[in-house]
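The primary structure of each chain is shown beneath.
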Amino acid sequence: MTRKDKMKLIRDIGNKLEENGRYYNVELTADGTIAIDISWGDWKHDHAFLNVLIKNNFNLNLVDEVVNEEDGSDCYSSTHYFSK
């Protein structure tokens, strides 16, 4: 997949998220992985929702999730990394 194709994919992901009322930061990393940041999202309604949405609509796999902030509740901040 070319960089141009990946940039289109990022736009398409952003549009699909907006259609579902989600406004997460979507970026292309230096190694070509797609990174999506969720700030203080609920584990089910934000984090799990994102993983299913990306898998079902774009056939991308979650390759990593890095938790950035947590307080022991159901909400936390993390970056999800997706690739083919």
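Residues numbered from 1 in each chain as written. Predicted model: local features only at pLDDT ≥ 70, side-chain atom pairs only at ≥ 80, totals over all residues. Heavy atoms only, no water.

Our next topic: the nonpolar core. Among the nonpolar cores identified, the biggest contains 16 residues, and Ile13, Ile34, Ile36, Leu50, Ile54 and Leu60 are the most heavily contacted of them. Taken together, the elements giving at least two residues each to this core come down to helix H1 (3–19), strand E1 (25–28), strand E2 (34–42) and helix H2 (43–58). Among all residues touching Ile13, those that are not within four sequence positions of it are Val26, Ile34, Ile36, Ile54, Phe58 and Leu60. (Core = buried A, V, L, I, M, F, W, Y, C linked by side-chain atoms within 4.5 Å. Buried < 20%, exposed > 50% of the residue type's maximum accessible area, 1.4 Å probe, protein only. Helix = DSSP H or I, 4+ residues; strand = E, 2+ residues; numbered from the N terminus. Contact = heavy atoms within 4.5 Å.)

Moving on, we get to H2. The first and last C-alpha atoms of H2 sit 21 Å apart over 16 residues, in line with the 22 Å expected at 1.5 Å per residue. If you look at H2, its biggest bend is around 30°, right at Phe49. Residues of H2 that are buried sit in contact with H1, E2, strand E3 (61–70) and strand E4 (75–83). The N-capping residue of H2, defined by a side-chain oxygen 3.0 Å from the backbone nitrogen of Lys44, is Asp42. Positioned one or two residues after H2, Asn59 has a phi angle of 50°, which is positive. (Expected span 1.5 Å × (residues − 1). Bend = angle between axes of the 7 residues up to and from the residue. Polar contact = N/O pair within 3.5 Å; in protein donor to acceptor, adjacent residues only side chain to side chain.)

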